[in-house]
Every structure is written in C-alpha cells, then in structure tokens.
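Residue-level listing of the chains:
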Amino acid sequence: MTDFIEIEIDGKKVQAKPQQTVIQAADEAGIYIPRFCYHKQLSIAANCRMCLVDVEKAPKPMPACALPPAPGMKVFTQSPKALAAQRAVMEFLLINHPLDCPICDQGGECELQDLAMGYGASKSHYCEGKRAVADRDIGPLVATEMTRCIQCTRCVRFGDEVAGLRELGAVNRGEDMEITTYVEHALQSEVSGNIIDLCPVGALTAKPSRFRARAWELTQMPSVSPHDCVGSNLNVHTRKGKVMRVVARENLNVNEMWIADRDRFSYEGLEHADRLTQPLVKLDGRWEKTDWLPALDYAVGGLRRVMATSSGDQIAALASPNSTLEEFYLLQNCCGVLAAHTSIIA
C-alpha cells in the first residue's frame, strides 16, 4: 500500500504520492499552477520557472514541477510572493517574444497568450531591441518561427524520450540559446508532428494547415485513427465541412497523447486532385466515370466471364490494410461464394 504524504496547497489538504512533485499533486487536486516546460508525459526540466510557488520557511520561490513533497509542507500558489515571482518570469519570457499574435497560427490556443493575460504586465522594464532567430527548414510537415521560441525544450525531450530519435537540441547559452537541428536536414521521425502540439507558443506549427483557418473558426469532432491497429484517438478540426487539421486526443490507455504523422497529415488526401471520388470502368481501353450500380454490375459480369472461361488462378482479391472491418467482412463473404465455384487467391 502506497504511503501518502500530506501537504497543504493554498490552505487545502492534499494527499501526494512519494514519487510525485508538487505540481502533479496540485493537478490531481484541481489546483492550477502555471507552467510552460512541464508536461506530464515528459521528464522534468524546470527551466522556464513559470511554476514558481511560495513554500513556507523557504528563502525564495521554488519550481513546483521539480519540488518533491515533504510531510507538513505548506505551499502557496497565490501569495504575493508567488505571484510576484510568476509575473517576473512572464516579463522575462516576453523580453524577446515578437508581437505578432495577429498573424501567428497559434493565436487563440497559445499557452503564452493565456498566461500573459493572467500574469503579464501592461508595460515592461526592458526597452532593448528584441532578438531575431533565423528559421530552419526541417521538412514539409513542421513550420518554424524560432524567434517565438521560449526554450521550454518540450520538443527536445519528446524526441529523446518518446520518439527515440533526438533530432532537435539546444545550442549556445543565455540570450543566444536556440532550439535547432544539429545537422541541416528534415525531421525523420514518424511521430515528429507531435512537437506541434507540445510547443506552447507559435514556434512550431503545422505546415500543411498553416494560415488556412483560425483556431476559433474550427469545429472539433472526436475520431479514431484509420491507419493503425491500435485505434489511436484523434480530434478532427473542420471549417465549413472541410477538414483543416487532425490532432491527438488524450487516451492514456491507448495512445497517451501522441499520434503518428500519417494520422496527423493524411487528411490532405481527402481533397487531393488525384483522389477517386466515383467508380471508373474501362470501356474500349479508356477509363470512364460511372455510378456504383453500373460499376458493380460490370464487376460481376467480369467475374462471371472469367469463371466461365478460365481457371480459378485468374481471380484474385486485393485487400488494403487501410480498409474497414466491414469491407474485409464483405470481401470474405464474396470469396466464400466464389470459392464454391472456383479457387480464390486472396
């Protein structure tokens, strides 16, 4: 049996597990602590300092994401000391952040925007020029605006700990720190698109859906991955009946909060010019568009002709792993009927 540690957060008694940190215990108790670098599925970095809290008898604010609970600990997330520390961190993070929210694809769903509303000041103590960071082309899926980056390192830790392929990393120090690829090349990981969801600002966004819709214009519908046998949970975002993008839906028992790139970006095939939207039949050596009933009659006639004039080796069934269970069931029944008359190669 797990021995819980009783701590107090904002006057509320909280039962924390020994391996937890204060921010994890607070989340379970429904007490919000602001954060940027912390993510429940990644390791602790404690480099953004946005989660600074006031701990009784501690000489200075401490990061809740890296603070282990101790018996009798009293934590204050809304005390003047804690709020002053959080507001100072927010001011520090905004020193170099560009004021381009109106044209940023993250606008409307940006963690930095949300926390700036709660902890930002109307003016800054800093009047120096903002730095600019050159963008890297890291492939056709992820767009970069690295001047917006706040160096939370979520994307770096994801590659290391989840994708198993560390393609991004931090170079330089202090104000010159940048998140970049060590070698100039596109991202190779099959789950690289998850860094788009992880990025708390607009530094990493989806290149295929860039500038196509604003977040508040989208309608979200739950769905399931059509491309794997796991059944990864998805959210499909549509605008005026057209799919704009696909993002992960949290399900800790199936896919946690990650999806493969093929699930995230395959929606582009829905409206692709090369996609077949109606059946075709070959007449006099040319493909002609037709309706489903004539196409099925044509297929049945072709099968009958082959069965009447040739051996069963001339009939085969081609199944796609992307097909639905219902389609496989129909194919199985079809093969069963034909097998009564000839042999089938499936």
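Data block above holds the structure.
In this text the structure is predicted, and so the values were computed from the model without any measurement.

### Regarding unusual backbone geometry
Even without glycine at this site, A46 takes up a positive phi of about 55°. Within the element layout of this structure, A46 appears in the loop between α1 (22-28) and β3 (52-55). With relative accessibility at 14%, the residue A46 sits in the buried group. Of note in this structure, K240 is not a glycine but carries a positive phi near 55°. Along the chain, the position of K240 falls in the loop between β11 (233-239) and β12 (242-248).

### Quick look at the packing of aromatic side chains
Across all of its chains, the model carries one aromatic pair by this definition. Ring geometry for F158 versus W258: centroids 5.0 Å apart, planes at 55°, classification tilted. Placement of the pair is F158 in helix α4 (residues 154-163) and W258 in the loop between β12 and α6 (261-265), with a sequence separation of 100 residues. F158 gets classed as buried once you look at its relative accessible area, which sits at 1%.

### A few points about helix α3 (residues 111-119)
Those residues of α3 lying buried are L112, L115 and Y119. End-on view of α3: buried residues confined to an arc of 70°, all on one side of the axis. Those residues of α3 that are exposed and angled more than 90 degrees off the buried face are D114 and M117. Buried residues along α3 sit in contact with α2 (80-93).

Cut-offs applied
- Residues numbered from 1 in each chain as written.
- Predicted model: local features only at pLDDT ≥ 70, side-chain atom pairs only at ≥ 80, totals over all residues.
- Heavy atoms only, no water.
- Helix = DSSP H or I, 4+ residues; strand = E, 2+ residues; numbered from the N terminus.
- Buried < 20%, exposed > 50% of the residue type's maximum accessible area, 1.4 Å probe, protein only.
- Phe/Tyr/Trp six-rings, centres within 6.5 Å; stacked < 30°, edge-to-face > 60°.
- Arc of directions from axis to C-beta.
- Contact = heavy atoms within 4.5 Å.

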